[in-house]
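These are the residues of each chain, in order.
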Amino acid sequence: MKLSTLLTTAALFSRSAMAHYKFPSLIVDGTPTPEFKYVRFNTNNINPLLDLNSIDMRCNEGGLASGPQTETAVVQAGSTVGFTLSNSIGHIGPMLVYMAKAPGDPSNFDGDGEVWFKINEWGPDFSSGSIEWPQLGITSYSFQLPPSLPNGSYLLRIEHIGVHNAANANSAQFFLNCAQVQVTGGGNGNPGPLVAIPGLYSNEDPGIHFNNYYPPPTSYVIPGPPVWFE
Ligand SMILES: *[C@@H]1O[C@H](CO)[C@@H](O)[C@H](O)[C@H]1NC(C)=O
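Computed from a prediction, not measured in an experiment: that's the story for all the values here. (Residues numbered from 1 in each chain as written. Predicted model: local features only at pLDDT ≥ 70, side-chain atom pairs only at ≥ 80, totals over all residues. Heavy atoms only, no water.)

**A closer look at the UniProt feature "domain: Auxiliary Activity family 9 catalytic" (unreviewed entry) in the protein chain**
So, point 1. Listed under "domain: Auxiliary Activity family 9 catalytic" (unreviewed entry) in the UniProt record, and renumbered for this structure, are residues 20-220.
So, point 2. End C-alpha to end C-alpha, residues 20-220 measures 22 Å, and it is 0% helix and 28% strand. (UniProt positions renumbered as here; feature names shortened; annotations may be inferred. Helix = DSSP H or I, 4+ residues; strand = E, 2+ residues; numbered from the N terminus.)

**Observations concerning the environment of Phe83**
So, point 1. Turning to its location among the elements, Phe83 is positioned in strand 4 (residues 80-84).
So, point 2. Residue Phe83 is classed as buried on the basis of its relative accessible area of 0%.
So, point 3. Spatially, the C-alpha atoms of Phe83 and Pro24 are 7.3 Å apart, while their sequence positions differ by 59 residues.
So, point 4. Setting aside its immediate chain neighbours within four residues, Phe83 contacts Phe23, Ser25, Leu26, Ile27, Val39, Ser140, Tyr141, Phe143, Leu156, Ile158 and Ala179. (Buried < 20%, exposed > 50% of the residue type's maximum accessible area, 1.4 Å probe, protein only. Contact = heavy atoms within 4.5 Å.)

**Digging into the pairing of strand 7 (residues 140-144)**
So, point 1. Burial of strand 7 is one-sided: the residues Tyr141 and Phe143 facing one way are buried, the residues Ser140, Ser142 and Gln144 facing the other way are not.
So, point 2. In this structure, strand 4 lies alongside strand 7, joined through five bridges in antiparallel fashion. The residue of strand 7 that forms the bridge with Thr80 is Gln144. (Pairing = 2+ DSSP bridges.)

**Examining the packing of aromatic side chains**
So, point 1. In this structure the tally under the stated criterion is 12 aromatic pairs.
So, point 2. Ring geometry for Phe36 and Phe41: centres 5.0 Å apart, planes at 70 degrees, overall edge-to-face.
So, point 3. With relative accessibility at 36%, the residue Phe41 sits in the partly exposed group.
So, point 4. Note on Trp122 and Tyr141: the rings are 5.7 Å apart at their centroids and 5 degrees apart in plane angle, and the pair reads as stacked. Separated by 19 residues along the polypeptide, Trp122 in strand 6 (residues 116-122) and Tyr141 in strand 7 bring together distant segments of the chain.
So, point 5. Given a relative accessible area of 27%, Trp122 falls into the partly exposed group.
So, point 6. The structure contains a cluster of three or more aromatic residues connected by ring pairs, namely Phe23, Phe83, Trp122, Tyr141 and Phe143. (Phe/Tyr/Trp six-rings, centres within 6.5 Å; stacked < 30°, edge-to-face > 60°.)

Given below as structure tokens:
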């Protein structure tokens, strides 16, 4: 291999590594909380998940084991919360937010079964006439909790799906973390539809097996169930 090729390859590797990310901090009342205080620690650093049928899709690698060492943040239904990113988003793809109600202490909750509902999603922008991803470069993501969310303890799961390479089969990249929250000031909403993780995505979903480049897409279907927000 020529030196120039080696250097190019090294540059590509470092660029793609920098393009990866995790969500280490929950943002409450506009302020980032300490890293992994309320967010369950994940053991794969900033690397994506590639197997959408893995149980790691719930709270990332290590994210089911790290519940007992994670605290639970008190948040108001209807308030704006968010997550910081360890690195700015470097891959095209949507943002998605899910919750699952814990029957008791959220530290011991593993999110098993059809318990997850989507509260927020953000896809591409087609207003210029072609596909644009305003997610590129963001360093945090904030969103509103549904005002009628019932009181109680939840897992709050943030996700970015990298679709830069997803024209190839089984090549979407999943970046996600779970926070533990206790919702107060809530209402009498009935969140749904409820889905299981894994199980909510398929490798043939149009927003997961997706060619961003040619022919230029004119639409994008955000994966997963519809958003519940009341
Ligand atoms: C939810 O909790 C708040 C206190 O944070 C309480 O005032 C309210 O009545 C509760 N809502 C329901 C539906 O129980």
